[in-house]
Amino acid sequence: MDIQKINQYKSAFDAIAKSINDGENSVEVWYARELQSVLGYARWENFIVAINRAIESCKVQNINVDDHFRELTKMVQLGSGSHRKINDFMLTRYACYLIAQNGDPKKEEIAFAQSYFALQTRKAELIEERLQIISRIDTREKLRSSEKQLSQNIYQRGVDEKGFGRIRSKGDTALFGGVNTEQMKQRLGVKNGALADHLPTLTIAAKNLATEMTNYNVEQKDLTGENPITDEHVKNNQSVREMLTKRNIYPEELPAAEDIRKVERRVNKEEKLLEKNTKLPKDHD
């Protein structure tokens, strides 16, 4: 997401924020009916599903729902001039964050909102940085999933855990132009943990694409045994490397990124601080 689009979304979300004084502090709140629109939901019936999931998430974490979600009834004027009651919610920043977490992941607005509400700041640059962090975390999780699937697939086809390690290592060597996994760790200064935890998003995505291709072809070609599966995985990594190098991108030359385990811990800490610092004021609607 480019900075121009980030600023467009930021302006829309900023515009619906309300400030309420609880006698001691000024608290930012949002109303669900307004949030529905900026999150790209046309129908309240669909949006309430995300709200209910967010409320359930609160309960599962033993967080007081009333601190973050306050159900309201409002009167609205219809086109005919008459009025009717509608349900709404007053929401804290944390509540909005949980709603975004439980929203439609295909919506670009949802991806933006997850970072917008997670940070207690309105600086577009920090939102952009967090979007990049979340993208890297999501990409790493996809690689974990595809490698787990590969491990399961090849175990059923006569390859044990050590064989899986050899297959993955030879795939790395193909992707990194002859540089093996241990040599890449030395280049990037990785002293412990998986190599992928220290790779930039682009390289993680490249490894994931090659692994997904291997998963697909192992099943489609009904490959059995370590050697045929190794050949397949090496070819797929070579193909991905060829695609990258045509664009003058050499995976072995890209710099290391921060250990993703540290990044994940920091993101989790941000969420806990958000929950503690954004409770609804008393006796306001």
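The preceding data block contains the structure.
Residues numbered from 1 in each chain as written. Predicted model: local features only at pLDDT ≥ 70, side-chain atom pairs only at ≥ 80, totals over all residues. Heavy atoms only, no water.

A. Structural view of the overall build of the protein. A tally of regular secondary structure across the protein gives 11 helices and 4 strands. Taking 2.2 N^0.38 as the reference for a compact globule, 285 residues should give roughly 19 Å; the C-alpha atoms of the protein span a radius of gyration of 24 Å, well beyond that estimate. Viewed in the frame of its principal axes, the protein has a C-alpha envelope of about 75 × 40 × 40 Å. Across the 285 residues in the protein, those meeting the buried criterion constitute 46%. Sequence separation of at least 24 residues holds for 66% of the intrachain contacts in the protein that already meet a minimum separation of 6. Summed over all atoms, the accessible surface of the protein reaches about 15700 Å², with 45% contributed by carbon and sulfur. When the 45 basic and 43 acidic side-chain charges of the protein are each reduced to a single mean position, those positions are 1 Å apart. (Helix = DSSP H or I, 4+ residues; strand = E, 2+ residues; numbered from the N terminus. Rg over C-alpha atoms; globule rule 2.2 N^0.38 Å. Buried < 20%, exposed > 50% of the residue type's maximum accessible area, 1.4 Å probe, protein only. Contact = heavy atoms within 4.5 Å. Areas by Shrake-Rupley, 256 points an atom, 1.4 Å probe, with all protein chains shown as cover. Lys, Arg positive; Asp, Glu negative; His and termini not counted. Charge placed at Lys NZ, Arg CZ, Asp CG, Glu CD.)

B. Broad picture of the pattern of salt bridges. Scanning the entire structure with this criterion turns up 23 salt bridges. The salt bridge partner of E45 is R43, with a shortest N-O separation of 3.5 Å. On the basis of relative accessible area, R43 is assigned to the partly exposed category, the value being 47%. The closest approach of N and O atoms between R144 and D197, which form a salt bridge, is 4.0 Å. One end of the pair, R144, is in helix α6 (residues 124-155); the other, D197, is in the loop between α8 (181-188) and α9 (201-220), with 53 residues separating them in the sequence. Here the salt bridges share partners, and the residues they tie into one network are R140, E141, R144, D197, D259, R261 and E264. (Salt bridge = Lys/Arg side-chain N within 4 Å of Asp/Glu carboxyl O.)

C. Broad picture of the packing of aromatic side chains. Scanning the model with the defined rule gives 10 aromatic pairs in all. Considering the side-chain rings of F13 and F112, the 5.3 Å spacing of their centres and the 45 degrees angle between planes classify their relative orientation as tilted. On the criterion of sequence distance, the pair formed by F13 in helix α1 (residues 3-15) and F112 in helix α5 (residues 108-118) is long-range, its members being 99 residues apart. Both residues of the pair, F13 and F112, belong to the buried class. Ring centres 5.1 Å apart and planes at 50 degrees place the aromatic pair Y41 and F47 in the tilted group. Relative accessible area serves as the criterion here: at 12%, Y41 is assigned to the buried category. For F47, a relative accessible area of 0% translates into the label buried. (Phe/Tyr/Trp six-rings, centres within 6.5 Å; stacked < 30°, edge-to-face > 60°.)

D. Structural view of the packing of helix α4 (residues 93-101) against α5. Packing of α4 against α5 leaves a shortest axis separation of 8 Å and a crossing angle of 155 degrees. Classified by the angle their axes make, α4 and α5 are roughly antiparallel. The handedness of the crossing between α4 and α5 comes out as left-handed. Where α4 abuts α5, its residues R93, C96, Y97, A100 and Q101 lie against I110, A113, Q114, Y116, F117 and A118. A breakdown of the residues in the contact of α4 with α5 according to their chemical character gives 8 nonpolar, 2 polar and 1 charged. (Axes fitted to C-alpha atoms, helices over the stretch in contact; angles between N-to-C directions. Parallel < 35°, antiparallel > 145°, perpendicular 65-115°, else oblique. Left-handed = near helix turned anticlockwise from the far one by under 90°. Nonpolar A, V, L, I, M, F, W, Y, C, P; charged D, E, K, R; others polar.)

E. Quick peek at the packing of α6 against helix α7 (residues 161-175). Two elements in contact, α6 and α7, have axes separated by 10 Å at closest approach and are oriented at 130 degrees. Between α6 and α7, the angle falls in the class oblique. Of the two possible hands of crossing, α6 and α7 adopt the one that is right-handed. Two secondary-structure elements touch here, α6 through E147, L150, S151 and I154 and α7 through F164, I167 and R168. Class assignment of the residues belonging to the contact of α6 with α7 gives a composition of 4 nonpolar, 1 polar and 2 charged.

F. Highlighting the side chain of Q36. Within the fold, Q36 resides in helix α2 (residues 32-38). For Q36, a relative accessible area of 8% gives the class buried. Discounting chain neighbours no more than four positions away, the residues touching Q36 are Y41, A42, R43, W44 and F47.

G. Here's a closer look at the nonpolar core. Judged by nonpolar contacts, the single largest core of 42 residues is most densely connected at F13, L35, I51, F69 and I99. Of all the elements in the fold, those that place two or more residues in this core are α1, α2, α3 (44-60), β4 (83-91), α4, α5 and α6. When residues in this core are grouped by element, the largest group, 8 residues, is from α3. In this structure, L35 is in contact with F13, I16, F47, L91, C96, I99 and F117, ignoring residues within four places of it in sequence. Counting residues in each nonpolar core, the second largest holds 15 residues, with V190, L195, A210 and L244 among its members. (Core = buried A, V, L, I, M, F, W, Y, C linked by side-chain atoms within 4.5 Å.)

H. Representation of the environment of E264 within the structure. Relative to the elements of secondary structure, E264 occurs in helix α11 (residues 260-277). For the pair formed by E264 and I134, sequence separation is 130 residues and the distance between their alpha carbons is 8.9 Å. Ignoring sequence-local partners within four residues, the contact set of E264 consists of I137 and R144.

These figures come from the coordinates and say nothing about function on their own.
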